[in-house]
Amino acid sequence: MNVVVIGSGGRENAIAYKIKHSHGLNKLFILPGNPGTENLGINVDIDIMDNQAIVDFCKSNAIDLVVIGPEIPLVNAMADVLRENNINVFGPDKLAAEIEGNKAFAKDLMQKYNIPTAGFKIFEKSCYSQALDYIESAAYPLVIKASGLAAGKGVLICQNNVEAKEALKDCFEDEAFGLSGSTVVVEEFMVGQEASVFAITDGENFISLPAAQDHKRIGNNDQGKNTGGMGAYAPAPIVTPEIQAEIDETITAPVLQALKKEGRTFVGCLYVGLMLTSDGPKVVEFNCRFGDPETQAVLPLLDGNFLQLLYSASIGKIDKASVIYSGGAAICIVAASKGYPDKYEKGLEITGLDDASGNDILVFHAGTKKVKGKVVSSGGRVLGVTAVVKENDLALCKAKAYEALKKIHFDNIYYRTDIADKALKK
Ligand code: AMP
Ligand code: GLY
């Protein structure tokens, strides 16, 4: 098979790594890719917002499967356009991708089909005064979310009415999230531990991959600002087999059926973001693609043929036995540039990459580029360093990951030192 992976982050590096090591691969292209994917296939510099350019590329290279990594091209109808051109694609159409791209739609869908989630109200910008009235008498903390895509920044947790007013002003008056904030979801605050589950689906049937836990805040002990994710580990022991079965039964199966019923059949990876509350698992959010950095921890744990899993799902006949998790643990630690998620320096030379990589260490590139043969940083989250062990031993895995990280250098490198501690403290 000739395969295209769309994207250029750590997630896409991990996806390309798994495809590269699957039976049945002929050529692998990564559009546009990064210095980490360069060793796995051919990077091609194409504008991934130009759907026609992607179609043309696929036709001239006899592509059998396109795997779309990020949400933006999915919401921009890349999968629709590829399917119209009879090209197999792993990733949902635009309408199904609204499960992430339109939180108001996702919440209404969950309500209509009795899928457990936080109680909520939706307000359009034209109903600003009703929203202000509502937050006067609401219970706090209260969560205010921009309905559209906001790169993980559109969620405001408000402790009181003053903060809630400020959040509404951000969305409606100051347009901090552009059009994405012209509709807001005001949500009840849920208490519990979070977990992420990837459901791989052909639209009808699915398999859930081992659950992971992300670390969204910049600082240790979940302090400081929200980020795109500072590290992840899998499997997350808090998601016991019983809880996983409950998630599959009460959330994943019904939401896939609901999407199908609404004429929005979802083919691809449905990311189920969960809060494990005292009333059982509830949905925090759905994403229409693999999560990052969780992908960098979950995928290395899978045995079997990952390409076959994605291909079989793309043609509507998911081969659930194509991959299997048969034990082991993985931890991915994100190495960032100090200052992220605010201002940070770019262009910092990175050394020690080969030294750090090994049998049980995978170094995935996220924000890097090559300048005159040298790898330099080009983003806030620079690398994902993943340790994988065969034992179900997160402590051993953590020690290996941090040992590997010590071999990597760039100026002002920053990482959290407590990845997976939540599981280790249990
Ligand atoms: P989201 O982008 O919807 O995943 O939200 C980002 C983060 O905000 C989540 O990972 C949670 O930590 C937090 N969050 C979002 N919604 C809620 C909620 N209803 N209750 C508590 N925390 C939430
Ligand atoms: N790790 C969270 C996300 O991918 O949205």
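Given the structure is predicted, the values throughout are model-derived calculations rather than measurements.

## Examining the site of ligand 2
Every residue near ligand 2 is listed here: Asp214, Tyr271, Asn287, Arg289, Gly291, Asp292 and Glu294. Note that an oxygen atom of ligand 2 is positioned 3.2 Å from one of the side-chain N or O atoms of Asn287. Within the side chain of Glu294, one N or O atom sits 2.7 Å away from a nitrogen atom of ligand 2. Relative to its free-state accessible area of 200 Å², ligand 2 is covered by the protein chains to the extent of 88%.

## Here's the deal with the pattern of salt bridges
One pass over the structure, following the stated rule, counts 22 salt bridges. Taking the shortest distance from any N to any O, the salt bridge between Arg83 and Asp93 comes out at 2.5 Å. Of the two residues, Arg83 sits in helix H4 (residues 78-84) while Asp93 sits in the loop between strand E5 (89-90) and helix H5 (94-101), which places them ten residues apart along the sequence. Arg83 gets classed as partly exposed once you look at its relative accessible area, which sits at 27%. When the shortest N-O distance is used, the salt bridge between Lys398 and Asp421 registers 2.7 Å. Taken together, the residues Lys398 in helix H13 (residues 394-405) and Asp421 in helix H14 (residues 421-424) connect sequence positions 23 residues apart. Each member of the pair, Lys398 as well as Asp421, carries the same accessibility label: buried. Through salt bridges with shared partners, a single ionic network connects Asp222, Arg416, Asp418 and Lys422.

## Here's the deal with the site of ligand 1
The environment of ligand 1 is formed by 15 residues, the closest being Glu187, Glu188, Met190, Glu194 and Glu285. Side-chain polar atom of Lys216 to an oxygen atom of ligand 1: 3.0 Å apart, as the coordinates give it. Between ligand 1 and Glu285 there is a distance of 2.8 Å, counted from an oxygen atom to a side-chain nitrogen or oxygen. The protein chains hide 92% of the 470 Å² of surface that ligand 1 would expose on its own. Secondary structure elements with two or more residues in the shell around ligand 1: strand E7 (142-146), strand E8 (155-158), strand E9 (183-188) and strand E17 (280-287).

Reading guide: rules and limits
- Residues numbered from 1 in each chain as written.
- Chains lettered and ligands numbered in written order.
- Predicted model: local features only at pLDDT ≥ 70, side-chain atom pairs only at ≥ 80, totals over all residues.
- Heavy atoms only, no water.
- Near = heavy atom within 4 Å.
- Polar contact = N/O pair within 3.5 Å; in protein donor to acceptor, adjacent residues only side chain to side chain.
- Areas by Shrake-Rupley, 256 points an atom, 1.4 Å probe, with all protein chains shown as cover.
- Salt bridge = Lys/Arg side-chain N within 4 Å of Asp/Glu carboxyl O.
- Helix = DSSP H or I, 4+ residues; strand = E, 2+ residues; numbered from the N terminus.
- Buried < 20%, exposed > 50% of the residue type's maximum accessible area, 1.4 Å probe, protein only.

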